[in-house]
Amino acid sequence: MKLPMAAGAATGAAAITLYPLFQGGAWFWTSFGIILVVTGVGVLASRYTLPNWLVPLAQLLAVWIYLTAVFTGGKAWIRVVPTKDSVSGLAKLLITGFADIQRFAAPVPASAGIVLLTCGGVGLIAILVDLLAARLRRAALTGLPLLALFTVPAAVLAEPVSWPAFIIAALGYMGLLAADGRERISHWGRAVLVRRTPSFIAPKPTSDAGVLHLSGKRIGVTAIVLAILLPSLLPPLEPNPLFGFGVGNGKGRGGNSISIPNPMVSLRGQLSLPANSTVLTYNTSDSSSRYLRMYSMDIFDGEQWTMSNLEGLAKDLVSEAPMPPAPGQNTSVPTTRATLTIKVSEEVRNLTFLPLPYPAGQVEAEGDWRPDRDTLMVFSARDTAGGLTYRVVTNEPNLTAEMLKTAPPPSAQISERYLKLPDGLPREVRELARRVTKEGASQYEQAIQLQEFFTKKGGFVYSLSTQGHSGQALTDFLIRNRAGYCEQFASSMAVLARILGIPARVAVGYTGGINSADEWQVRTHDSHAWPELYFEGAGWLRFEPTPAGGAGQSTATVPSYSRPETTTTGNDEPAVSPSRGSSGADLPNRPAGNRRDQLPDRDFGGASVAVDEGMPLAAQIGIGLAAVLLVALIPAMFRWKLRARRRRSYSRGIEAADESAVTESTGVVTVRTNRREVAVTSAWAELDDALCDYGMSRQPSESPRALARRLSGQYEFDEEATAAITRIATAVERMLFARTPGEIGSLREDLRRVRRALAATVTRGRRIRAVLLPPSTLLRMRAAGGRALDGFDRLENILLRRPARKNA
């Protein structure tokens, strides 16, 4: 019965690694329940020796009943027995769960559909682990399903799995292997814990199975420790950061359909990756940088922005025809023509959307690339952009503030599509949009006021340590914490603009990058999101609410047409432009000192913008080195503490008549020891440890006097050192054998002379090791580890037995 329980424990330990994927703990307790169900069925099957083929079927039936009772109990017979309605309810929840997984980024809300998917998956893994371990007796193979469970957070999250979760999962797997080994040994008889023989009994020359068993555990524990420590000492091997951003599930060449990605899901991961790899390079005819857009999202459901279905016509192939006209842009508006030559890195995989400046008038690219007429996104169902070089001609409108102030209202078609907002939008968000803009201002002026609210007046903090999606993400960002990265800034400004009646959408792509060797270089950290607002006659215009420069997105720039001519303020929004001396108390719902830094934004006249840049790399490296050094010095600190405690005992002389006692409590019993014995024993133990630290031996049968005589002669001690070690040996022998030991002086100076004499006989490296990595302490730590592992032996010998019936 141990194997089914060990299998359930291993599954539960591996499931703990899923915790970063969810909000709250509802998923864990539901999954824990299903593991108990599977384990319980396995234990009963082992107890009553059911056929191995029948056990997984029984466990599947138990899982079905459990899921029915938890998720659709109201539709089941007596809330347990599945019915047609309960099966239909489970199917609907599964469909909803799959849809929610595509909509949300981790950590996802614990909706019923997502929890059902998670619980069912954990249950299937538990059944498979039980089948391999307890039925087929292939415990080593259980590492495969457990690894599948473990790799889910590693594949989804940008952050690595935490080391405590890894240790728990690894210990669960080790425990399963140990239980399987014990089970195999038990077929040859009951395993007996063999205690170590005392040091005065010579060991037998035959091999000891207990030692081999203990060595196996040491190997397992050592492997776990190395798996945790070695990655911190080696260069990080990141997954290629180009694989995720802007990449859907397209099939590459040969397919005839395209899967629309969710750009927001991977945006934060690209910004937080340590490696800042090059995505593409480009040259421009006017030497100016430009934002390169890939995706345009127009649907807001209250939790996130998504894209409408795309339509690419064969007649619009960019290799055969110019781009469609930019929606809403009047042909009478003067434009500036520029040509870009863009080269995408060959390392990019499965990128089915072309990064382009907006608006693109002509695109020359090899392959089946088609534009969506409404958004001018260019995509392909057959080709990918990795390694592609293409030419783009853009016609950018020359806009003036007066032209935008007097722009006519948008058309009904634009308003219907780009002003939609969910009915459940919080009232405080709608009120905020009106408070931070000036009453009676034009839509263009309101757009600038919104931009200033995010970059200057609202006290917002740029931080990557903010979650992207949840039902309360918008309210939390705008009303409460006001901390986020480009996704939150772009999404929130687009929502506020729609509240004010300004058509808006969210674009995702790259900023203009940095200039390097007469070309512009765009890297993964240039991944960016920004709002696009619509003005009749000018079309869709980019705005930049995210802090730029060192205060936020390093390569973000504010377009010239969106810079305010005069400073405008809201009516009663309690936001004040931050300054270097501000304490942070003016930020709503935030404590004083919440801003780690205040850096000037060059695009707004040097006004300070709050930013949370995280811990500098040099500080992280310093903390890491300090932690490694601290761990390495643990043996030395233990040795120093032990020596200091002993020194207090043998430093004071003890007169012959002093028979006072020292009381020591071990937590179980209280021991009264004579002070003289404590002093002499401490001095002798310290000498013994010094010999061990300097690599010198002491024979178990060697008397104190014989040891003193051998050390003095072998290492040629001087007269003072010889006299010192002789006094120590005499004190030990008098304490052991004399009826009245007599007066004992302080042994501190004698021990110091002997230590110096011993240290003079060894190399400098040995002396350094004796201080930093004292062998005497390492041996004690090893012995403690052995005793701890022996505890596992005792636990494994505990058998679950039915109480014996008493004879009548």
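Residues numbered from 1 in each chain as written. Predicted model: local features only at pLDDT ≥ 70, side-chain atom pairs only at ≥ 80, totals over all residues. Heavy atoms only, no water.

With that settled, consider the overall build of the protein. Counting its regular elements, the protein contains 23 helices and 20 strands. In the protein, buried positions account for 46% of the 808 residues. Expressed as a percentage of contacts within the protein between residues at least 6 apart in sequence, the contacts between residues at least 24 apart total 73%. Split by element, the accessible area of the protein, about 41,100 Å² in all, is 58% carbon and sulfur. (Helix = DSSP H or I, 4+ residues; strand = E, 2+ residues; numbered from the N terminus. Buried < 20%, exposed > 50% of the residue type's maximum accessible area, 1.4 Å probe, protein only. Contact = heavy atoms within 4.5 Å. Areas by Shrake-Rupley, 256 points an atom, 1.4 Å probe, with all protein chains shown as cover.)

Inspection of the entire model under this criterion finds 23 aromatic pairs. Centre to centre, the rings of Tyr291 and Trp530 are 4.9 Å apart; their planes meet at 75°, and the pair counts as edge-to-face. Here Tyr291, found in the loop between β1 (278-284) and β2 (292-297), pairs with Trp530, found in strand β15 (residues 527-535); they are 239 residues apart in sequence, far enough to count as distant. We classify Trp530 as buried; its relative accessible area is 2%. Against the face of Trp540 rests Arg505, its NZ or CZ located 4.0 Å from the ring centre. Taking the ring centre of Tyr291 as reference, the NZ or CZ of Arg542 above it sits at 3.6 Å. (Phe/Tyr/Trp six-rings, centres within 6.5 Å; stacked < 30°, edge-to-face > 60°. Lys NZ or Arg CZ within 6 Å of the ring centre and 35° of its normal.)

With that settled, consider the packing of helix α14 (residues 473-480) against helix α15 (residues 486-499). Relative orientation of the contacting elements α14 and α15 amounts to 90°, with a least axis distance of 10 Å. One element, α14, and the other, α15, form an angle in the roughly perpendicular class. Contact residues: Leu474, Phe477 and Leu478 in α14; Gln488, Phe489, Ser492, Val495 and Leu496 in α15. A breakdown of the residues in the contact of α14 with α15 according to their chemical character gives 6 nonpolar, 2 polar and no charged. (Axes fitted to C-alpha atoms, helices over the stretch in contact; angles between N-to-C directions. Parallel < 35°, antiparallel > 145°, perpendicular 65-115°, else oblique. Nonpolar A, V, L, I, M, F, W, Y, C, P; charged D, E, K, R; others polar.)

Moving on, we get to helix α5 (residues 112-135). With 24 residues, α5 extends 33 Å from end C-alpha to end C-alpha; this agrees with the ideal 34 Å at 1.5 Å per step. Of all 24 residues in α5, 19 are buried, a share of seventy percent or more. Positive backbone phi, at 55°, marks Arg137, one or two positions downstream of α5. (Expected span 1.5 Å × (residues − 1).)

What follows concerns the packing of helix α1 (residues 2-15) against helix α2 (residues 26-47). One way to put it is that α1 packs onto α2 with a least axis distance of 8 Å and a crossing angle of 165°. Relative to α2, α1 is oriented roughly antiparallel. Relative to α2, the crossing made by α1 is right-handed. Residues Pro4, Met5, Gly8, Thr11, Gly12 and Ala15 of α1 lie in contact with α2, whose contacting residues are Trp27, Ile35, Thr39, Gly42, Val43 and Ser46. Tallied by class, residues from the contact of α1 with α2 come to 6 nonpolar, 6 polar and no charged. (Left-handed = near helix turned anticlockwise from the far one by under 90°.)

So, on to the sheet that holds β15. Strand order in the open sheet made by the 4 strands is β2-β12-β15-β16, with antiparallel pairing throughout. Each edge of the open sheet is held by one strand with a lone partner, namely β2 and β16 (539-542). Within this sheet the neighbouring strands show an average axis-to-axis angle of 35°, counted without direction. As paired elements, β15 and β16 share 4 bridges and run antiparallel to each other. (Pairing = 2+ DSSP bridges.)

In this section: unusual backbone geometry. A cis amide bond, omega -5°, links Tyr358 with the succeeding residue Pro359. Mapped onto the elements, Pro359 comes out in the loop between β5 (335-344) and β6 (360-364). Of note, Arg79 is a non-glycine position whose phi angle comes to about 65°, a positive value. A relative accessible area of 52% places Arg79 in the exposed class. In the Ramachandran plot, Arg482 falls in the positive-phi region, its phi being about 50° despite a non-glycine side chain. Considering the arrangement of structural elements, one finds Arg482 in the loop between α14 and β11 (483-484).

As summarised here, the arrangement of the 6 strands in space is β6-β9-β5-β1-β14-β13, forming an open sheet in which the pairing is antiparallel. Whereas interior strands pair on both sides, the edge strands pair on one side only; in this sheet they are β6 and β13 (514-516). Taking each pair of neighbouring strands and ignoring which way they run, the sheet shows an average axis angle of 30°. Two elements, β13 and strand β14 (residues 519-523), share 3 bridges in a ladder whose sense is antiparallel. Considered in β14, the bridge of Asn515 is made with Trp520.

It is worth spelling out the nonpolar core at this point. If you look at the biggest cluster of nonpolar residues, it comprises 86 residues, and the most contacted ones within it are Leu354, Val363, Tyr390, Phe454, Leu478, Leu533 and Phe535. Counting residues per element, this core draws most heavily on α15, which supplies 9 residues. When neighbours within four sequence positions are excluded, Leu533 is seen to be in contact with Ala447, Met493, Ala497, Ile502, Pro503, Ala504, Gly539, Trp540, Leu541 and Phe543. Residues Leu21, Phe71, Val122 and Ala179 belong to the second largest nonpolar core, which totals 35 residues. (Core = buried A, V, L, I, M, F, W, Y, C linked by side-chain atoms within 4.5 Å.)

Taking every second residue as pointing to the same face, the buried face of β14 carries Trp520 and Val522, while none of Glu519, Gln521 and Arg523 on the other face is buried. Inspection of the sheet shows β1 paired to β14 by 4 bridges, in the antiparallel sense. Considered in β14, the bridge of Tyr282 is made with Trp520. Counting the residues between successive antiparallel strands, the hairpin from β13 to β14 contains 2 residues, one of them, Ala517, with a positive phi of roughly 55°.

A rise of 1.5 Å per residue sets the reference length of helix α17 (residues 634-650), with its 17 residues, at 24 Å; its end C-alpha atoms lie 25 Å apart and thus fit the reference within 8%. Taken residue by residue, α17 has Pro635, Ala636, Arg639, Leu642, Ala644, Arg646 and Tyr650 as its buried positions.

The next subject is the confidence of the model for the protein. Here the protein averages 77 in pLDDT, and 74% of its residues register 70 or above. In the predicted structure, residues 566-614 sits below a pLDDT of 50 and forms 121 contacts with residues beyond four places in sequence or in another chain. (pLDDT = per-residue confidence, 0-100.)

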